[in-house]
Amino acid sequence: NKQIIFKDYINGFPKESDMILKTSTIKLKVPEGCNDAVLVKNLYLSCDPYMRSRMSKLDDNYVPIFTPGSPIMGYGVAKVVDSSSPNFKKGDLIWGMTGWEDYSLIKSTEGLFKIHCTDVPLSYYTGILGMPGMSAYVGFNEISSPKQGETVFISAASGAVGQLVGQFAKLLGCYVVGSAGTQDKVNLLKSKFGFDDAFNYKEEADLNAALKRYFPQGIDIYFENVGGKMLEAVLLNMKLNGRIATCGMISQYNLDEEEGVRNLFVIITKQIRMQGFLVFHHYSLYPKFMDFILPLIKQGKIAYVEDVDEGLESAPAALIGLFSGRNVGKQVVRVAYE
Ligand code: NDP
């Protein structure tokens, strides 16, 4: 059983060497006395920015931190090889928390989702049909109270979550602009995902001026993925009664201390509603989300771009690539074929 082991807690940007490839042996059976467990063969692993928070020992962490010497944990798609759970049987496909290894013993099936629809690529359950898809749906459709004709700005717009938020907003008849870190990503936003406009934030000396160019009347909804300087500039461009769905702040994850953000006073003067959310508290909406998204995929009304790396060995580089913008679309690692 090949595994990617978490070496030790880190500060700053994660490096490939913080994760070590190791081989061990594993019995392909759920051990005696382990009730409600499944032994799975991992097929796809998801690389997600929140995994960075699991690499540091913080007092107030909102997700369990990794254990040094144990495999990296994350969302994945897997096939059940053995089960002691009444809810899962050998051969079932699942998505949920698993280990960065060929085979994982998942000791509680709570939080695992059985995959029923298999006429889409299975990797989709790490993205559009999994946690990032739910994040886009919850943050945009449920939290930001969108209305037809409103103006929407999305940062990290070509990524797993952003590309979907933009398309959900277009389906509703909003005017949508996204920012991303390369010209290729900007082109993708306009040509593939149907954004009305997009810009490369790395080429804008003055983010406030850039936003004024795209939103002369202001922004109704900001879908926040990056925080920091972008948030400062967005605040100056929000409309009265605007909403900010605060999904993530990736520009802050590798800093020892969070940057100060200016312009917060406009939250009062423009009566802005800024609301954060953690997607895993909204999984009860998953069936409703599937009813919404599956027809869109099947009717070709939604585009989805993923960046699939091959082999467990490629996972550390894929994960750290999220923080330099190496990924184009949803970052996935294929561990095995079904
Ligand atoms: P992406 O697929 O968008 O990958 C991350 C992207 O962020 C990179 O490709 C890069 O794109 C951009 N980025 C990296 N560093 C910076 C930086 N310093 N400043 C600006 N942009 C940067 O990730 P996801 O779509 O999976 O996640 C997007 C956000 O949503 C993250 O903040 C994540 O933590 C958050 N999230 C929150 C959830 C919740 O429950 N609240 C659930 C899921 C995600 P580029 O080339 O454009 O710079």
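This is a predicted model, so every value here is computed, not measured.

(A) Spotlight on unusual backbone geometry. Residue Asn 241 is not a glycine yet carries a positive backbone phi of 65°. Following the sequence through the fold, Asn 241 ends up in strand β12 (residues 238–246). In the Ramachandran plot, Gln 271 falls in the positive-phi region, its phi being about 50° despite a non-glycine side chain. Mapping Gln 271 onto the fold places it in the loop between α6 (266–269) and β13 (273–276). A relative accessible area of 54% places Gln 271 in the exposed class.

(B) The UniProt feature "domain: Enoyl reductase (ER)" (unreviewed entry) in the chain, seen in detail. Sequence positions flagged by UniProt for "domain: Enoyl reductase (ER)" (unreviewed entry) are, in local numbering, residues 38–333. The straight-line gap between the two end C-alpha atoms of residues 38–333 is 21 Å; of that span, 25% is helix and 25% is strand.

(C) Region of interest: the nonpolar core. Among the nonpolar cores identified, the biggest contains 80 residues, and Trp 100, Tyr 125 and Leu 129 are the most heavily contacted of them. With residues near it in sequence (within four places) discarded, Tyr 125 still touches Val 77, Trp 95, Ile 115, Cys 117, Val 120, Gly 130, Tyr 286 and Met 290. Grouped together as the second largest cluster of nonpolar side chains are 20 residues, Phe 153, Phe 215, Ile 219 and Ile 244 included.

(D) Region of interest: the pairing of strand β3 (residues 38–46). Judged by how many residues are buried, β3 sits mostly within the fold: eight of nine residues are covered. Note: β3 against strand β4 (residues 73–83), seven bridges, orientation antiparallel. Residue pairing across strands places Tyr 44 opposite Val 77, the latter belonging to β4. With three bridges joining them, β3 and strand β15 (residues 330–334) adopt antiparallel strand pairing. Bridge assignment links Leu 45 to a residue of β15, and that residue is Val 333.

Conventions adopted
- Residues numbered from 1 in each chain as written.
- Predicted model: local features only at pLDDT ≥ 70, side-chain atom pairs only at ≥ 80, totals over all residues.
- Heavy atoms only, no water.
- Helix = DSSP H or I, 4+ residues; strand = E, 2+ residues; numbered from the N terminus.
- Buried < 20%, exposed > 50% of the residue type's maximum accessible area, 1.4 Å probe, protein only.
- UniProt positions renumbered as here; feature names shortened; annotations may be inferred.
- Core = buried A, V, L, I, M, F, W, Y, C linked by side-chain atoms within 4.5 Å.
- Contact = heavy atoms within 4.5 Å.
- Pairing = 2+ DSSP bridges.

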